[in-house]
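Examining the three-dimensional arrangement
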Amino acid sequence: MLAIRKVAPEPGLVCHDVEAPGIDRNDEVLIRVEAAGICGTDLHIADWTAGYEAMASAMPVTLGHEFAGTVERGSPEWLRRRVVVRPSVTCGRCEGCRQCGEDGCTARTGIGIRRDGGFARLASVPARNCVAVPEGLDAELAALTEPMTVAAQAVARAGTVEGKRVLVLGPGPIGLGVALFAERGGAAALTIAGRDDAARLACARALGFADTRDALAGDEPLAPAGFDVIFEATGVPEVASTAQRLLASGGTLVICGIHAKPASFDLTAMVRLEQSVVGSYRAPVARWSEVVAAITDEPERFRKLISHRLPLSKALEGFALMRSRTAIKVMLQP
Ligand SMILES: [Zn+2]
Ligand SMILES: [Zn+2]
């Protein structure tokens, strides 16, 4: 079967034939992958930017950690059911696992990162990583669950957004997902900002977010101290200090982008204005079913995040589309 793989710790990916996986253990299931999203993380892995060195020992490895499909083999409990896969495989043995269960594990293995993932027709995964998908939810919507858990977790990390003036910096899939969940959380006003980002800001408006600003398009500048909650989803370290200037007294800045180098903050301003800065990363397991329910609630709205659909054989074109920032979410259909 065709698979998109990382074969060496250097820039590049290969798209080639590999042997189809079986199931080695009776706690695993074999999934026929129906939709798999390309993520910013996959771009970093393809370009081999710093931070993914631990993958080297797992190569060659099939990428793809945002996927959904139908269980083809394995425990009768899951057989023929449509599932979305939580990509984080916990060890069950470490101190974190023993103290706090799955959310506490400090020795995780990522499906599509350090074990074979969903950029292939078949993927074998631990049954406990499957999340059931309701009847009416199709595979491409189900495959949005993983990035949307990241977005929902960022909103949760803000404490509350109810009645707040919210700014989202970075109109990628995570930023737009944050806007959707902030709206569901009762934000009073939502602004989405980008830089030279016409296509993705147009998607924001199509989602119903009328107030978009492009830093390079002559749009009205963002008001200093004008926002109670700001989400940094660009991954550009310099944006952090800009975000701080836009943050109101007592405001919260949630960092959910992955930054290649440190950022600088005005700590005195942070102290005097009593601003909070929080990080947000992986959602707890319980968030997955909440997010599946949210997508089921507004399926056609979430579907607008999918800008391109491609067969697996054209995956590398999908990566190029993502890099050009004309795509929001590229969905591969193995
Ligand atoms: Zn991802
Ligand atoms: Zn563990």
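Read on for a plain summary of the structure. (Residues numbered from 1 in each chain as written. Chains lettered and ligands numbered in written order. Predicted model: local features only at pLDDT ≥ 70, side-chain atom pairs only at ≥ 80, totals over all residues. Heavy atoms only, no water.)

Looking now at the coordination of the zinc ion (ligand 2). Within the protein, C91 (SG), C94 (SG), C97 (SG) and C105 (SG) serve as the donor atoms for the zinc ion (ligand 2), at 2.3 to 2.4 Å. With four donor atoms in place around the zinc ion (ligand 2) and angles of 98 to 116° between them, the coordination shape is tetrahedral. In the primary structure, the donors to the zinc ion (ligand 2) are separated according to the pattern C-x2-C-x2-C-x7-C. You can see C94 sitting in the loop between β7 (88–89) and α2 (95–100) and its partner C105 sitting in the loop between α2 and β8 (109–110), a full 11 residues away along the chain. Residue C94 is classed as buried on the basis of its relative accessible area, which comes to 13%. (Donors = N, O, S within 2.8 Å, 3.2 Å for Na, K, Ca; no water. Tetrahedral: all angles 85-135°; square planar, octahedral: opposite > 155°, others 65-115°. Helix = DSSP H or I, 4+ residues; strand = E, 2+ residues; numbered from the N terminus. Buried < 20%, exposed > 50% of the residue type's maximum accessible area, 1.4 Å probe, protein only.)

Here we come to the packing of aromatic side chains. To describe a pair of aromatic rings, one takes the distance between the centres and the angle between the planes. As enumerated under the stated definition, the model contains two aromatic pairs in all. Summarising the aromatic geometry, the rings of F119 and F319 are spaced 6.4 Å apart at their centres and angled 85° between planes, so their arrangement reads as edge-to-face. With a gap of 200 residues between them, F119 in the loop between β8 and β9 (122–126) and F319 in helix α11 (residues 315–323) connect regions that are remote in the sequence. Residue F319 is classed as buried on the basis of its relative accessible area of 2%. (Phe/Tyr/Trp six-rings, centres within 6.5 Å; stacked < 30°, edge-to-face > 60°.)

What follows deals with the pairing of strand β5 (residues 66–73). Counting buried positions along β5 gives six out of eight residues, so the element sits mostly inside the fold. As judged from the seven bridges shared by strand β3 (residues 28–37) and β5, these two strands associate in the antiparallel manner. Note that in β5 the partner of G37 across the bridge is E66. Looking at chain direction, β5 and strand β6 (residues 82–85) are connected through three bridges and run antiparallel. Residue pairing across strands places A68 opposite V84, the latter belonging to β6. (Pairing = 2+ DSSP bridges.)

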